[in-house]
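The primary structure of each chain is shown beneath.
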Amino acid sequence: MLTHALLGLLRCQPMHGYDLKHALEQALGGNREVNFGQIYTTLGRMERDGWVQVAERSEDGRGKKTYEITSLGQQELTRWLSEIAEKPAPLNDAFFSKLLVQRIAGEGSPQVMIAAQRRAYLQQLHAVTVLAADPRLDPVTRLLADGAALHLQADLHWLDLCEERLAAPVND
Amino acid sequence: MNPPIIETKDVWKIYGSNGVAVEAVRGIDLAVQAGEFCALVGPSGSGKSSLLHLLGAMDTPSRGEVIFAGRLLAQLSDAQRTDLRAREIGFIFQTFNLLPMLTVWENVEIALRLGGVPLAERKQRASALLAQVGLQERARHLPSSLSGGERQRVAIARALANRPRLLLADEPTGNLDSQNGTDIMKMLRVIAEGGQTVVMVTHDFRAASYADRVILLRDGRLRGETHLEGAPDMQQTVERLFQLGL
Amino acid sequence: MLIDLALKYIWRRRGRALLTIFAVAVMVQLHILANSVLSTYRQDIQRQLAAFAGKVLVQRLPEDTPEGAASGNFVNAHSSLDLATADALLDLPGLDAQASSAVLLAPLARSPMPDTTPALLLVGITPGRETAYLGVFQSAAGALTLPDAHSAILGAGAAEHFAAQPGAQITLLGQAFTVAGVLEAAPSLFNNAVLIPLETAQALLGREETVSAVILTAAQVEDMPGLQAQLAAQYPALQAATNEEMLRSAGTLMSQLDSLSSAITATAVGVGVVIIMIVVVQAVLEQRREIGTLRAIGAHHWRIYSLVLSEALVQSLLGAVLALPIAVLILRLAVGWDKFTTLLPTWLESIGLAALIGVLASLLPAWQAVHINPLEALRYE
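Calculation rules
- Residues numbered from 1 in each chain as written.
- Chains lettered and ligands numbered in written order.
- Predicted model: local features only at pLDDT ≥ 70, side-chain atom pairs only at ≥ 80, totals over all residues.
- Heavy atoms only, no water.
- 1 Å grid on protein atoms, 1.4 Å probe; cavity = no way out; pocket = protein on both sides within 12 Å on 5 of 7 lines; lining within 4 Å.
- Points joined across faces, edges and corners; volume = space filled by probe spheres on them.
- Helix = DSSP H or I, 4+ residues; strand = E, 2+ residues; numbered from the N terminus.
- Nonpolar A, V, L, I, M, F, W, Y, C, P; charged D, E, K, R; others polar.
- Buried < 20%, exposed > 50% of the residue type's maximum accessible area, 1.4 Å probe, protein only.
- Domains from an automatic or database assignment.
- Contact = heavy atoms within 4.5 Å.
- Expected span 1.5 Å × (residues − 1).
- Pairing = 2+ DSSP bridges.
- Core = buried A, V, L, I, M, F, W, Y, C linked by side-chain atoms within 4.5 Å.
- Phe/Tyr/Trp six-rings, centres within 6.5 Å; stacked < 30°, edge-to-face > 60°.
- Buried area = accessible area lost by both parts, 1.4 Å probe.
- Salt bridge = Lys/Arg side-chain N within 4 Å of Asp/Glu carboxyl O.
- Polar contact = N/O pair within 3.5 Å; in protein donor to acceptor, adjacent residues only side chain to side chain.
- pLDDT = per-residue confidence, 0-100.
- Bend = angle between axes of the 7 residues up to and from the residue.

### Some details on empty space enclosed by the protein
Here comes step 1: In the structure shown here, the tally under the stated rule is 1 cavity of 30 Å³ or more.
Here comes step 2: Looking at the largest cavity, its volume works out to about 70 Å³.
Here comes step 3: Around the largest cavity sit B:Arg85, B:Ala86, B:Ile89, B:Gly90, B:Phe91, B:Ala111, B:Arg158, B:Ala159, B:Asn162, B:Pro164 and C:Ile297, which together line it.
Here comes step 4: Listing elements by their share of the lining of the largest cavity, those giving two or more residues are helix H2 (78–87), strand E6 (89–92) and helix H5 (148–160) of chain B.
Here comes step 5: Sort the elements by how many residues they give to the lining of the largest cavity and E6(B) lands first, with 3 residues.
Here comes step 6: Split by residue class, the lining of the largest cavity holds 7 nonpolar, 2 polar and 2 charged.

Set out below in structure tokens:
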């Protein structure tokens, strides 16, 4: 994603590495620091692929490069944006794997595992709900928190189903 | 351990309609301690509202006992149960149930009146309660001119009017958008932290996550519970949120 | 109490409430109207009878009273006594001669109501003995004596009819008379009377040989029973009416009037109760959810009852208040009544009647209201 974020930023105006780092951090609502080295490595790879090119090199001897997007880079950005985003495989759920293994191994209790998991989900849900409702926070963070809250609620409902179908008493 | 403020012992509620008996509550044992913030969570039809009505002396169980502060509800007269609802139990409804002809202030005042508070004190306390829920500016408005969140805040002020020992909330966020819902939950959280016992019924895990104790209900029975304590680590949560594919 | 809430509920459906109040007002004014008119009528009869205290009206009524004669149904006008009998009667011992006289009665204008005093009644009486007829009533203007053959004394109603004052000329049966005096306001038998000398009356009516009746006044009230006994023994063919006998027959009429007025009042109350009950039952249905809420947050049964009772009472009492101007208006427009002060006692009484209407009308809706199950009332949106 970093590659395409940089392409997006350069599409607006040519920038050098340091500007790109700041612009990216601002777009993320100031919640996360982006590694400077990672940006340079990525820019180098993009230059090699012909998606960006050096527009200007500063004269002050440190040789700071200003990058601009190429038409090839523009094509790549357009293609990526129009492409459907892929979700991780829906069944790739760490807790579900544990439940499966528990059944196979016959060790531990699904009820206990589910209760512990539920507690963790509820605590996380509380945290993201508080964040999502905090008017002092930037809209990006709140939007992400709302998304996380919806996922966690789905997870909690799914835990209920797991409990009902896997952990129900078998004596009837 | 102190005796619980409200307790049920093998309580059942069976509704009979045309020969078909519906078991809404099926043998629930529950004890809520004073000062607890307890959420009863379950899908619709899990019997959670029926249970809440039994706890609130609004309904009588088909079997079993409900004990409020050491008093067996079944042994109280209708008038005594009414007194209990007026003075010791506050109710918050999903649909707010404010009296539409009365202003915000009057809606709170009437609860004080039902609680037998003298007029002079009523005036001062109704205003103080509205200030507590941040609606003193809206005192003279009719409920119809208020947003859902504001109406529920009036309902909370009304429920708190007679300083009840137990506050019962039936899907308090059910008719609210998420922002207003969160505001109401924060308010209930503050009330609970002030030492008031709160028992809330909800199907919404977001609302339930504000409670100290989350009890799961399904098909009229309890299905386990979870204790949540301590404030969440916000910094850690923010970091986890930004585990994007960067 | 929840009276403020009751007022707001009434205000919420004020159009309906206004109609209800108006309907109750019409019912209550029916009671006011009937009772005022009937009680005035009753007082008139009683004063008339009182004016006859200590007197005996001796007359001979025909075996069968002619129906629908020109004289209307004023039966006294059909009585006829010959002069000899009249003179003999007046010679009976123990009489107050000044207050005893032969009279000739003739209706000049019919009353619109049967069995009542004619609207204009000619009374021929021996001059100097006018008090035999006029009794205790005083003069409003002029003298209550007949100075000559063509003079007349008018009752207040008769004076109004002729628009005549003492000294004015009036014409009766083609003969001119000078008004000597006018009587104060009195019961209709006096109010409508035109007194002229007996002989003039006999000549005008062509009844020189007979009179209608003889009015005898006992010198002492305690002589009355003796006088009556004597009359019964000596003149079995004559009818001697004392005010006691008249009271007896009037009693039947008055008890009929009483039943009529009770029936009207009962109808007014009944219809009033039904109107308010319908409106309040409907109101309770509409307030179901709010009453459920009140019960849920701790309102006792008595508070719910007070709410419903207040709604019924406010409407019935306002109806009673509004009934007075309506009654005044109707009386004024329909019968030109101006004795409005007579309405006040009935009106005050009708406030109590309205309270009764309110209480009775609230019983059924209040029963429904206190039996509202808060859970059921709150379950539906």
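Structure shown, so let's carry the discussion forward.
### Here we look at unusual backbone geometry
Residues and elements named next belong to chain B.
Here comes step 1: Backbone geometry at alanine 69 places phi at a positive 45°, although glycine is not the residue there.
Here comes step 2: Here alanine 69 lies in the loop between strand E4 (63–68) and strand E5 (71–72).
Here comes step 3: Accessibility expressed as a relative area gives 28% for alanine 69, which makes it partly exposed.
Here comes step 4: For phenylalanine 96, which is not a glycine, the phi torsion comes out positive at approximately 65°.
Here comes step 5: Within the secondary structure layout, phenylalanine 96 lies in the loop between E6 and helix H3 (104–114).

### Description of the domain arrangement of chain A
Here comes step 1: For chain A, the assigned domains are domain 1 (2–82) and domain 2 (94–167).
Here comes step 2: Computed from C-alpha atoms alone, the centre-to-centre distance between domain 1 of chain A and domain 2 of chain A is 37 Å.

### A closer look at the side chain of A:Gln153
Here comes step 1: Here A:Gln153 is to be found in helix H7 (residues 139–166).
Here comes step 2: Relative accessible area serves as the criterion here: at 14%, A:Gln153 is assigned to the buried category.
Here comes step 3: Those residues within four positions of A:Gln153 in sequence are excluded, and the remaining contacts are A:Leu125, B:Asp204, B:Phe205 and B:Arg206.

### Remarks on helix H6 (residues 178–193) of chain B
Residue and element names in this part refer to chain B.
Here comes step 1: Under the 1.5 Å per step criterion, the end-to-end length of H6 is 22 Å for 16 residues, consistent within 8% with the ideal 22 Å.
Here comes step 2: Taken together, the buried positions of H6 are occupied by Asn180, Gly181, Thr182, Ile184, Met185, Met187, Leu188, Arg189, Ile191 and Ala192.
Here comes step 3: Once H6 ends, the next one or two residues include glycine 195, with phi positive near 100°.

### Structural notes on the sheet that holds E4(B)
Residues and elements named next belong to chain B.
Here comes step 1: With antiparallel pairing, 4 strands are arranged side by side in an open sheet as E2-E1-E4-E5. Strand pairing shows two members of the sheet lacking a second neighbour, strand E2 (20–32) and E5, which therefore form its edges.
Here comes step 2: Note: strand E1 (residues 6–17) against E2, 10 bridges, orientation antiparallel. Note that in E2 the partner of isoleucine 6 across the bridge is valine 32.

### So, the nonpolar core
Here comes step 1: B:Phe37, B:Ile156 and B:Leu188 are the most contacted members of the largest nonpolar core, which totals 82 residues.
Here comes step 2: Two domains each provide a minimum of three residues to this core, namely domain 1 (2–82) and domain 2 (94–167) of chain A.
Here comes step 3: Sequence-distant contacts of B:Leu188, that is, excluding residues within four places in its chain, are made with B:Phe37, B:Ile92, B:Ile156, B:Leu167, B:Pro172, B:Val198 and B:Met200.

### Quick notes on the packing of aromatic side chains
Geometry of an aromatic ring pair is reported as the spacing of the ring centres plus the angle between the planes.
Residues and elements named next belong to chain A.
Here comes step 1: Enumeration according to the criterion identifies 6 aromatic pairs over all chains in this entry.
Here comes step 2: Geometrically, the ring pair formed by phenylalanine 96 and tryptophan 158 is tilted, given 5.1 Å between the ring centres and 50° between the ring planes. Of this pair, phenylalanine 96 sits in helix H5 (residues 94–105) while tryptophan 158 sits in helix H7, placing them 62 residues apart in sequence.
Here comes step 3: Among the aromatic residues, those joined into a ring-pair cluster are Tyr18, Phe36 and Tyr40.

### Quick word on the interface of chain A and chain B
Here comes step 1: Opposite the 35 residues of chain A that make contact, chain B presents 27 residues.
Here comes step 2: For chain A, the biggest contributors to the area lost against chain B are A:Arg32, A:Leu122 and A:His126; these three give 18% of the whole.
Here comes step 3: Where chain A meets chain B, there are 4 salt bridges.
Here comes step 4: Residue A:Glu163 is joined to B:Arg223 by a salt bridge in which the shortest nitrogen-to-oxygen separation is 3.8 Å.
Here comes step 5: Between chain A and chain B we count 5 residue pairs in polar contact (both at pLDDT 80 or more) in total.
Here comes step 6: Elements that contribute at least two residues to the side of chain A that touches chain B include exactly helix H6 (110–132) and H7 of chain A.

### Side note on the arrangement of the chains
Here comes step 1: Most contacts, among the 2 pairs of chains that meet, fall between chains A and B.
Here comes step 2: The two units chain A and chain C remain apart, with a minimum C-alpha distance of 26 Å.

### Quick look at the confidence of the model for chain C
Reading predicted coordinates in detail is not appropriate for stretches of low pLDDT.
Here comes step 1: This prediction gives chain C a mean pLDDT of 85; 92% of its residues lie at or above 70.
Here comes step 2: Interface confidence in the predicted complex, given as ipTM, is 0.92; pTM for the same model is 0.75.

### Some details on helix H12 (residues 343–370) of chain C
Here comes step 1: A rise of 1.5 Å per residue sets the reference length of H12(C), with its 28 residues, at 40 Å; its end C-alpha atoms lie 39 Å apart and thus fit the reference within 8%.
Here comes step 2: The sharpest bend along H12(C) comes to roughly 40°, located at C:Leu363, with the proline C:Pro365 sitting one to four residues further on.

### What about the pattern of salt bridges?
Here comes step 1: For the coordinates displayed, the defined rule picks out 32 salt bridges over all chains.
Here comes step 2: Residue B:Arg71 pairs with B:Glu88 through a salt bridge whose shortest N-O separation is 2.9 Å. Placement of the pair is B:Arg71 in strand E5 and B:Glu88 in the loop between H2 and E6, with a sequence separation of 17 residues.
Here comes step 3: By relative accessible area, B:Glu88 is classed as buried at 17%.
Here comes step 4: When salt bridges that share partners are traced, they join A:Arg118, A:Asp160, A:Glu163, A:Glu164, B:Arg218 and B:Arg223 into one network.

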